[in-house]
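Coordinate inspection notes
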2 protein chains.
Amino acid sequence: MRYKITIEYDGTGLAGWQRQKNKISVQEILEESIEKLTQEKVLTVASGRTDAGVHARGQVVHFDLQKEFDEHNIRHGLNFYLVEKPVAVIDSKIVAEDFHARFSSKKRYYRYIILNRPSPSKLDKYRAWFVPQYLDVPLMQQAAKHLEGHHDFSSFRSSECQANSPVKTLDEIKITREGDFIFFDISAKSFLHNMVRNLVGTLKAVGIKKLSPDAIPEILAAKNRSKAGETAPPQGLYFMKVDY
Amino acid sequence: MRYKITIEYDGTGLAGWQRQKNKISVQEILEESIEKLTQEKVLTVASGRTDAGVHARGQVVHFDLQKEFDEHNIRHGLNFYLVEKPVAVIDSKIVAEDFHARFSSKKRYYRYIILNRPSPSKLDKYRAWFVPQYLDVPLMQQAAKHLEGHHDFSSFRSSECQANSPVKTLDEIKITREGDFIFFDISAKSFLHNMVRNLVGTLKAVGIKKLSPDAIPEILAAKNRSKAGETAPPQGLYFMKVDY
């Protein structure tokens, strides 16, 4: 039986999604709780790997079990074993055997949060990127228009990226200000490694007027990571949702 | 010289605003940072005392200094000494000597956040009250209408409350749902001890249909704490703003 679960996590202090030696990962925490509940050792597959410090409100994961469990019992049972951990299961379903959390994904949604005010925050220290310089949202929106669509995103790709092709279709970058917070809601079928954080770092350079919105087409055309802006820090990034 | 500062704090793990023996309070953290910056021992006065676990986005505090400091240097200097602490200064001003953070307050604004979904949250564990039963917002809004205005709030008053009179004027209880979150934005010139949390606990009883909105006038008339609902937990409460 294949199970699809939707999980939330507070990425603060975690090594990210993927299992790593001597570090605590979301995958390890989750697989251990599945083993405690079901007495089965499983390999979990996530829709998208998230880096250290990145959060999730709706990461999707699949795994297979020999024994059959009720959908709701999976959620309740895992949450029982996860009660002291930074991971929670918010939904669980039995799915067809050909469902794949990663390869069946049609669209992924990320949110990036910037706190934009002169003073740092304690409530949002590990939940947003603190940018004290005033950010011009209309300028960032102009720049974002140049990034939406089908492009070679080599300039926004981490050197560790293992994707076959740097060409992606970015469906939307919606930028909204609410009080001192700026939200970047970004969606695409798939992303390159660090792409969202590199996009936001570049948009921030536009927001502080270090970069003109019209520079974006040149940055894309350069296919050179050093032409784009800095990598925004992980604590502002949230994996929100997946469409299948 | 009298200084008015606006502060934010993450109340998680703190004993609340007021200094207490063998516990860490916001007041102690703040007064120690003022002493480090100015070499003066001061007594700070807050607009409203908050309980253990309660957060603030815009608590207002005043204190007096013998030496004169630039307004901005107070903010930057205090934030330097507060960098590892859960308290941050987000604004600082020199004010008239008769300004009083508590007694000059014209209106105080609190926000209470409920996370209303079947599964618990890790990101909001210390930031919201997790209520798994579905809450009916229109019913709670009807109940809130009975609470707004000039009333004897004895039924919503903690037994430890030291206010002279239980009669208060509640300006507004605005209830809005955004996704899985329900926000209660509550404002009044002043509140009784635990009043906001007791109001929210009672509205939650209405939301789960344990209590009818029409029961509210009777609860107010009873002037008896045991007639109203439970005290909502502290981690969902935020001191947002003060008008002077």
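Scroll up to find the structure this text is about.
Residues numbered from 1 in each chain as written. Chains lettered and ligands numbered in written order. Predicted model: local features only at pLDDT ≥ 70, side-chain atom pairs only at ≥ 80, totals over all residues. Heavy atoms only, no water.

So, on to the packing of aromatic side chains. Residue and element names in this part refer to chain A. Enumeration over the complete set of coordinates arrives at 16 aromatic pairs over all chains. Ring centres of Y110 and F191 lie 5.2 Å apart, and the angle between their planes is 90°; on these two criteria the pair is classed as edge-to-face. In this pair, Y110 is assigned in strand β5 (residues 107-115) and F191 in the loop between β9 (181-188) and α4 (195-207), connecting sequence segments 81 residues apart. Judged on exposure class, the residue Y110 and its partner F191 are both buried. Three or more aromatic residues link up through ring pairs in this structure, and these residues are Y110, F191 and F239. Positioned above the aromatic ring of F183 is the side chain of R111, whose terminal nitrogen or guanidinium carbon lies 4.1 Å from the ring centre. (Phe/Tyr/Trp six-rings, centres within 6.5 Å; stacked < 30°, edge-to-face > 60°. Helix = DSSP H or I, 4+ residues; strand = E, 2+ residues; numbered from the N terminus. Buried < 20%, exposed > 50% of the residue type's maximum accessible area, 1.4 Å probe, protein only. Lys NZ or Arg CZ within 6 Å of the ring centre and 35° of its normal.)

Moving on to the interface of chain B and chain A. Contacts between the two partners involve 29 residues from chain B and, on the opposite side, 28 residues from chain A. With both sides pooled, the region where chain B packs onto chain A buries about 2000 Å², and carbon together with sulfur makes up 46% of that total. For chain B, the biggest contributors to the area lost against chain A are B:E8, B:K122 and B:L123; these three give 37% of the whole. Among the salt bridges present, the one from A:R57 reaches B:D124, with a minimum N-O distance of 2.8 Å. Connecting chain B to chain A are 22 residue pairs in polar contact (both at pLDDT 80 or more). For the side of chain B that touches chain A, the secondary-structure elements that each account for two or more residues are β1 (2-9), β3 (55-64), α2 (71-81) and β4 (87-95) of chain B. (Contact = heavy atoms within 4.5 Å. Buried area = accessible area lost by both parts, 1.4 Å probe. Salt bridge = Lys/Arg side-chain N within 4 Å of Asp/Glu carboxyl O. Polar contact = N/O pair within 3.5 Å; in protein donor to acceptor, adjacent residues only side chain to side chain.)

Another aspect to go through is the pattern of salt bridges. Residues and elements named next belong to chain B. Applying the stated rule across the entire model yields 30 salt bridges over all chains. One salt bridge connects K67 with E40, and the closest N-O pair in it is separated by 3.7 Å. Of this pair, K67 sits in the loop between β3 and α2 while E40 is found in the loop between α1 (26-38) and β2 (45-46), placing the two residues 27 residues apart along the sequence. Between R197 and D51 there is a salt bridge, with the nearest N and O atoms lying 3.5 Å from each other. Here D51 lies in the loop between β2 and β3 and R197 lies in helix α4 (residues 195-207), a separation of 146 residues in the sequence.

For the rest of this paragraph, the subject is the packing of α1(B) against α2(B). Relative orientation and spacing of two packed helices are given, respectively, by the angle between their axes and the distance between those axes. Residue and element names in this part refer to chain B. Across the interface, α1 lies against α2 with an axial gap of 9 Å and an inter-helix angle of 115°. For the element pair α1 / α2, the angle class is roughly perpendicular. When you trace α1 past α2, the crossing you get is right-handed. Along its contact with α1, which presents S33, I34, K36 and L37, the element α2 presents N73, I74, G77, L78 and Y81. Partitioning the contact of α1 with α2 into residue classes produces 5 nonpolar, 3 polar and 1 charged. (Axes fitted to C-alpha atoms, helices over the stretch in contact; angles between N-to-C directions. Parallel < 35°, antiparallel > 145°, perpendicular 65-115°, else oblique. Left-handed = near helix turned anticlockwise from the far one by under 90°. Nonpolar A, V, L, I, M, F, W, Y, C, P; charged D, E, K, R; others polar.)

This next bit is on the relation of the copies chain B and chain A. Turning chain B through 180° and shifting it by 0.0 Å along the axis lays it on chain A, with an RMSD of 0.0 Å. The superposition of one copy onto the other is thereby described by a two-fold rotation axis. When you check the interface residues of chain B against chain A, 97% turn up at the interface there too, and the contact is symmetric in its surfaces. (Least-squares fit on C-alpha atoms with pLDDT ≥ 70 in both.)

All names here are of chain B. One way to put it is that helix α3 (residues 137-147) packs onto α4 with a least axis distance of 8 Å and a crossing angle of 140°. Between α3 and α4, the angle falls in the class oblique. In the crossing of α3 with α4, the sense of the turn from one axis to the other is right-handed. Residues L139, M140, A143, A144 and L147 of α3 touch α4, and the partners they reach there are L199, L203, K204, V206 and G207. By residue class, the composition of the contact of α3 with α4 is 8 nonpolar, 1 polar and 1 charged.

Right, let's talk about the environment of B:I173 for a bit. Residue and element names in this part refer to chain B. Topologically, I173 is positioned in strand β8 (residues 167-178). Measuring from C-alpha to C-alpha, the distance between I173 and A143 comes to 9.8 Å, with 30 residues separating the pair along the chain. Leaving out residues up to four positions away in the same chain, I173 has contacts with A144, L147, E148, D185, I186 and L203.

Residues and elements named next belong to chain A. Summed over all chains, the structure comprises 1 cavity of 30 Å³ or more. Quantified by volume, the largest cavity comes out at close to 40 Å³. The leading source of residues in the lining of the largest cavity is helix α1 (residues 26-38), at 4 residues. For the lining of the largest cavity, the residue count by class is 3 nonpolar, 1 polar and 3 charged. (1 Å grid on protein atoms, 1.4 Å probe; cavity = no way out; pocket = protein on both sides within 12 Å on 5 of 7 lines; lining within 4 Å. Points joined across faces, edges and corners; volume = space filled by probe spheres on them.)

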